[in-house]
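The chain contents come next:
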Amino acid sequence: MKRFLIQRFLQLIPVLIIMTFIVFSLVYVAGDPVALMLPEEATAEDVARVQESLGLNEPFHVQYGIFLMNAVQGDFGQSYRYNQDAMSIVLERLPATFELAAASMIFATLIAIPMGIWSATRRNTFIDLFITGSSVLGKAMPNFWLGIMFILILAVNTQLFPVSGRGTFMHVVLPAITLGTAVAAEMTRLTRSNMIEILQQDFVRTAKAKGVSNGIVTYKHSFRNALIPVVTIMALQTSTLVGGAIVTEQVFAWPGIGQLLVQAVNARDMAIVQAAVFLIAILVIVINLFADILYRLLDPRIKY
Amino acid sequence: MSQQVTPEPVPEPQGPAAPDSMKKHQKKSSFVRWMKLLLKSKTGTVGFLIVMVVFIVGIFSDQIAPFGVNEQNYANMLVPPAWQEGGSSEHFLGTDNLGRDILSRIIYGTTISLLVGIFSVVVAGILGMAAGLFAGYYGGWIDTVTMRMVDAFLSIPNILFILVILTVLNPGIMTLIFAIGVTNWVIYARLIRGEVLSVKEREYVKAARSIGTKNLTIIRRHVLPNVFSTFIVISTLSVATTIILEASLSFLGMGVQPPDVSWGYMLADGRDYLATNWWLATFPGLAITITVLGIIFLGDWLRDVLDPRSQGR
Amino acid sequence: MSNGKELLNVNQLQTHFFTENGAIPSVNGVSFQVNKGELVAIVGESGSGKSVTSLSIMGLVEEPGKIVGGEIMFEDKDLAKYTNKQMRKIRGNDIAMIFQEPLTSLNPVFTIGNQLREAILQHQNVDKATAKKMSIDMLTQVGIPRADKVYSSFPHSLSGGMRQRVMIAMALSCNPKLLIADEPTTALDVTIQAQILELMKDLVKKMDTAIILITHDLGVVAELVDRVIVMYAGQVVEQSDVFSLFKDPKHPYTKGLLDSTPKIQDLNEELISIKGTVPTPANMPDGCKFHPRCPHAMDHCISNEPKLDTLENGREVRCWLYDEEVMADEQSKNGNEQSP
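Owing to the predicted nature of the structure, the values given are computational and were not obtained by experimental measurement.

Draft legend 1. Spotlight on the pairing of strand 6 (residues 95–98) of chain C. Residues and elements named next belong to chain C. Here strand 6 shows a buried face lined by Ile 95 and Met 97 and a second buried face lined by Ala 96 and Ile 98. When strand 6 meets strand 7 (residues 178–182), the two strands line up parallel, connected through 4 bridges. Among the inter-strand pairings, Met 97 is bridged to a residue of strand 7, identified as Ile 180.

Draft legend 2. A look at the interface of chain C and chain A. Tallying the contact residues gives 28 residues for chain C and 21 residues for chain A. Overall, the association of chain C and chain A removes approximately 2300 Å² of surface from exposure, summing both partners, and the carbon and sulfur fraction of that is 57%. Looking at the side of chain C facing chain A, the largest losses of area belong to Val 109, Glu 118 and His 156 of chain C, adding up to 25% of the total buried there. Joining chain C to chain A, the criterion identifies 3 salt bridges. The shortest N-O distance in the salt bridge between Lys 210 of chain A and Glu 118 of chain C comes to 2.9 Å. Here chain C is connected to chain A by 16 residue pairs in polar contact (both at pLDDT 80 or more).

Draft legend 3. Local environment of unusual backbone geometry. In this model, Pro 258 of chain B is joined to Pro 259 of chain B through a cis peptide bond whose omega is 15°. You can see Pro 259 of chain B is positioned in the loop between helix 9 (215–251) and helix 10 (263–271). Phi is positive for Arg 268 of chain A, close to 50°, though the residue is something other than glycine. When you line up the elements, Arg 268 of chain A lands in the loop between helix 11 (257–266) and helix 12 (270–298). Positioned with a positive phi, Asp 76 of chain C is a non-glycine residue whose angle comes to about 65°. Considering the arrangement of structural elements, one finds Asp 76 of chain C in the loop between strand 4 (65–74) and strand 5 (77–78).

Draft legend 4. Region of interest: the interface of chain A and chain B. Listed as interface residues are 45 residues of chain A and, on the opposing side, 47 residues of chain B. A combined buried area of about 4000 Å² lies between chain A and chain B, and 79% of that area is made up of carbon and sulfur atoms. In this structure, the connection of chain A to chain B is made through 0 salt bridges. Where chain A packs against chain B, one counts 4 residue pairs in polar contact (both at pLDDT 80 or more). Within the residue set of the side of chain A that touches chain B, elements represented by two or more residues are helix 1 (2–30), helix 6 (126–140), helix 7 (143–157), helix 8 (169–199), helix 10 (214–251), helix 11 and helix 12 of chain A.

Draft legend 5. Here's a closer look at the sheet that holds strand 10 (residues 235–241) of chain C. Residue and element names in this part refer to chain C. Here we have 8 strands laid out as an open sheet, ordered 6-7-8-3-9-10-12-11, and mixed in their pairing. Edge positions in the open sheet fall to strand 6 and strand 11 (309–310), since each of these has one partner strand only. As paired strands, strand 3 (residues 39–43) and strand 9 (residues 227–232) are joined by 4 bridges and run parallel to one another. Residue pairing for strand 9: Val 40 is matched across the bridge by Arg 227. Together, strand 3, strand 6, strand 7, strand 8 (210–215) and strand 9 form the strand contacts of helix 1 (residues 50–58), whose direction differs from that of strand 6 by roughly 145°.

Draft legend 6. Structural view of the UniProt feature "transmembrane region" (unreviewed entry) in chain A. All names here are of chain A. Under the UniProt annotation, "transmembrane region" (unreviewed entry) lies at residues 12–31, 100–121, 142–162, 168–185, 226–252 and 272–295. The span residues 142–162 is 71% helix and 0% strand, and its two end C-alpha atoms sit 21 Å from each other. Secondary structure content for residues 168–185 is 94% helix and 0% strand, while the C-alpha to C-alpha distance between its ends is 26 Å.

Draft legend 7. Highlighting the UniProt feature "domain: ABC transmembrane type-1" (unreviewed entry) in chain A. UniProt records the feature "domain: ABC transmembrane type-1" (unreviewed entry) at residues 94–291 of chain A, using the numbering of this structure. When the span residues 94–291 of chain A is considered, its composition is 84% helix and 0% strand, and the gap between its end C-alpha atoms is 21 Å.

Draft legend 8. Inspection of the domain arrangement of chain A at higher detail. Residues and elements named next belong to chain A. Each assigned domain of chain A is listed here: domain 1 (1–73) and domain 2 (88–298). Placing the centre of domain 1 and that of domain 2 at their C-alpha centroids yields a distance of 33 Å. Counting from both sides, the interface comprises 17 residues of domain 1 and, opposite them, 14 residues of domain 2. Summed over both sides, the interface of domain 1 with domain 2 buries roughly 1400 Å², with 85% coming from carbon and sulfur. Ranking the residues of domain 1 by area buried against domain 2 places Phe 4, Arg 8 and Val 27 at the top, with a combined share of 31%. On inspection of domain 1 and its partner domain 2, the count reaches 0 salt bridges. On the surface where domain 1 and domain 2 come into contact, there are 0 residue pairs in polar contact (both at pLDDT 80 or more).

Draft legend 9. Helix 4 (residues 128–141) of chain C, seen in detail. All names here are of chain C. For helix 4, spanning 14 residues, the distance from its first C-alpha to its last is 20 Å, which sits close to the expected 20 Å at 1.5 Å a residue. Residues Ala 131, Ser 135, Met 138 and Leu 139 constitute the buried set of helix 4. Buried residues in helix 4, looked at end-on, bunch into an arc of 100°, giving them a common side. Seen from the open side of helix 4, the exposed residues pointing more than 90 degrees away from its buried face are Ala 129 and Lys 133. For helix 4, the elements touching its buried residues are helix 3 (112–123), helix 5 (147–151), helix 6 (160–172) and helix 7 (190–207). Looking one or two residues beyond helix 4, the residue adopting positive phi is Gly 143, at roughly 80°.

Draft legend 10. Main features of the packing of helix 4 (residues 102–138) of chain B against helix 9 of chain B. All names here are of chain B. One can describe the packing of helix 4 onto helix 9 by two numbers: an axis separation of 8 Å at closest approach and a directional angle of 145°. Where helix 4 crosses over helix 9, the two elements pack in a sense that is right-handed. Counted together, Ser 113, Val 116, Gly 117, Ser 120, Val 121, Gly 125, Met 129, Leu 133, Tyr 137 and Tyr 138 of helix 4 and Asn 215, Ile 218, Ile 219, Val 223, Leu 224, Phe 231, Ser 235, Ser 238, Val 239, Thr 242, Ile 243 and Glu 246 of helix 9 form the full contact between these two elements. Partitioning the contact of helix 4 with helix 9 into residue classes produces 13 nonpolar, 8 polar and 1 charged.

Draft legend 11. Layout of the packing of aromatic side chains. Here the structure, examined in full by the defined rule, presents 19 aromatic pairs over all chains. When the centroid spacing of 5.6 Å and the interplanar angle of 45° are considered together, the rings of Phe 24 of chain A and Tyr 64 of chain A count as tilted. Highlighted residues: Phe 24 of chain A in helix 1 and Tyr 64 of chain A in helix 4 (residues 60–72), separated in sequence by 40 residues. With relative accessibility at 7%, the residue Phe 24 of chain A sits in the buried group. With a centroid separation of 5.2 Å and 55° between ring planes, the pair formed by Tyr 188 of chain B and Phe 231 of chain B is classed as tilted. Taken together, the residues span a long stretch of sequence, with Tyr 188 of chain B in helix 7 (residues 173–200) and Phe 231 of chain B in helix 9 at a distance of 43 residues. Grouping residues by exposure puts Tyr 188 of chain B and Phe 231 of chain B together as buried. Members of the aromatic cluster, each reached through a chain of ring pairs, are Phe 21, Phe 24, Tyr 64, Phe 67, Phe 76 and Phe 278 of chain A. Of note, Lys 220 of chain A hangs over the ring of Phe 110 of chain C, and the distance from its end group to the ring centre comes to 5.0 Å. One residue, Arg 224 of chain A, lies across the ring of Phe 110 of chain C, its end atom 5.7 Å from the ring centre.

Scoring rules and cut-offs
Residues numbered from 1 in each chain as written. Chains lettered and ligands numbered in written order. Predicted model: local features only at pLDDT ≥ 70, side-chain atom pairs only at ≥ 80, totals over all residues. Heavy atoms only, no water. Buried < 20%, exposed > 50% of the residue type's maximum accessible area, 1.4 Å probe, protein only. Helix = DSSP H or I, 4+ residues; strand = E, 2+ residues; numbered from the N terminus. Pairing = 2+ DSSP bridges. Contact = heavy atoms within 4.5 Å. Buried area = accessible area lost by both parts, 1.4 Å probe. Salt bridge = Lys/Arg side-chain N within 4 Å of Asp/Glu carboxyl O. Polar contact = N/O pair within 3.5 Å; in protein donor to acceptor, adjacent residues only side chain to side chain. Axes fitted to C-alpha atoms, helices over the stretch in contact; angles between N-to-C directions. UniProt positions renumbered as here; feature names shortened; annotations may be inferred. Domains from an automatic or database assignment. Expected span 1.5 Å × (residues − 1). Arc of directions from axis to C-beta. Left-handed = near helix turned anticlockwise from the far one by under 90°. Nonpolar A, V, L, I, M, F, W, Y, C, P; charged D, E, K, R; others polar. Phe/Tyr/Trp six-rings, centres within 6.5 Å; stacked < 30°, edge-to-face > 60°. Lys NZ or Arg CZ within 6 Å of the ring centre and 35° of its normal.

Below is the structure:
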């Protein structure tokens, strides 16, 4: 296990270097942030002075080196709009996004796993058809439209839920369902196909031959095996989830990183864009790492 | 193996996965054959019909749309759909806050969705294919660098990358195609590299190499036919996700810019009128959902037909 | 019916698979008996319906398969009419089963002990600690060294032979009256095969358990069983005690099977294989189902289906060659044709 962890961490280094390189070079290409930072009446000397102080006259690779050194320390410079350290602004928004993502994942898991098992054990019945049909529909609906429709029906027309913002439990319900639907759809489909595959395995027949109940056959013998790939799927879906969160936060005016990022992109606030992208990437990578470890713990066949 | 008595209908191998020599004989009947296969699947047929309609609407949007895309009519602002009280048969799906016909705008939006959807998949496909072929075939450091890049791209949600690109380039249709294309290449790169690696190990490829067949010839003859069906399926389903992605970006105000119209953009517009005029935001979303549903149905059917191993997944 | 000795009486069993192309009779009117403590083999090629027969007895035929006719009398209870819930009390308790692939028949994510005690806990009124003791005891009985260590290990850490021993331990843990073993040694190394067969033989003798051995390997049959049932295309074609069957096979199919089994004494002779393959249920021939492959096929066989006839000392055969009327008829016909 120790060796695996070390190996896995070493693998992350090139990924992070390439990721930061891509982000950095895009911003480098984006051109001069100085013009945005200074008041309009600034002279050419002012610009040159600021450029000098920010190290913008250095060649590309030197600038990247400096960027990388700073990034490792979490320093992405100042946001010109907030006049504050960019990373700390992003970190302030992290709890909101985390709350939304976690609620969506819980919703998706609670829906998808029972539905996937249910339709797999009742293959080709009406229930199976209904569940697979719903999951295709869940994948086809863009989440921002789904969110808007929820707002229209459940918030505007019937006033069951607040229209937007963060605060109470009621605030998180609609955004979480909106964001979780696509993930639930994908998870349902994969849980179903995994379960179908496993229900045909020899060891399931062995269990039945022992005379144990259908419940034990389905939930102990089959699901435990089907769970292993589902964990991987959940990890892969965090990336989808974070991407979806950017849009969902916009729909519900949810004060998370996504909303901040969209504002920063519109305002060309590069420090915040870089900090947000870096943080999200790290989080996704860490979650995937956890999934990898969990996968190994669930499957006794993998040895170290 | 006596367990095999359970009679199972064996899926016959069919479709363009067959080698070239076979295709030539069957060219004439292949259209009929495909149609017969299609009609066997209900969802496949529905998907095919939706996609056909979307294509026709997208191509002939100028002829079909009853009004111009930005044709404003201040006398007819916020008219509800025809079946509602106060609706008019002239504007079947109603009008927006500037008196523009919603149906016409959805029809024009179809063209944009298809353009972005298809061309960004083409860009991603070409880039990914090239990367996958070179990485798989030449191995060594080329492979290492490519695959680490794939990992890096996969570790970040693609919408994030695209947002960063969009801060650099001015938003618009071409930018969208480029941005989506250069972030989605990784799917193809992984698929094709994997296939190349397995093909490389096969005896006939080793034999071909040993008699000095050119690398490109080997790739064309042995690798491409093997990945063709997967390539088609992934591409079809990619068009669906790309259409949603385009709509999302346009919804955020970073995709298609006026005077061009996009379903996502219309939705963002309509959100401001949600409390009073529900139809502004409802119909563009419905258009996206139906289109994507059609493409997914078609793609799933294609997968079942082209790759019998994955049936029912 | 029951004479006190009889344990299982399968009577005109019909198991069909319902596919898009209609019902396919995988088991088509199979009848046989197994007495208490008796060792019986069902022999046939793959596709003969022998496995579906055994799964039917266990009530484990999967959709779209279904028992559509006949009865499976087990100690005067008709298992064919039992619900799944009723069958669960029988499975693993009165009737146990061992499968072909020890590799895939054990659940990879649970320990041996977990899977072994499951059957005991299900059918016997004991607590976990007792179940564990019983399981370890059972593992020792099937010849597994350091049974308590194996108890807490996972299947992947055991060899194929060991896993099959575990499967046997699992099957016998509730002292079943009948053990169905579906090709229990096919997946194993030849050197292990004999050991496993020997072990099964010892244990069932000790426990007075009857065995139905499903196999295509006549070598295995000769080593283990008392009586043989030969199946072809969903039907019983011959039934005999093992000694007579090897000495004097009646059905041409049985003869073919015996001829295609290598014997040490005539290694130099060419092996004779039965030409052709088992017909698929979709294009089953009329008349005798074996006639397209039969070296003795007559005109009569093409359109008339033979019945299972009883011969001397309880043997049964489904073949027109043993029908005196038909044979007389055929001979006179041939005689007429050949005479100038």
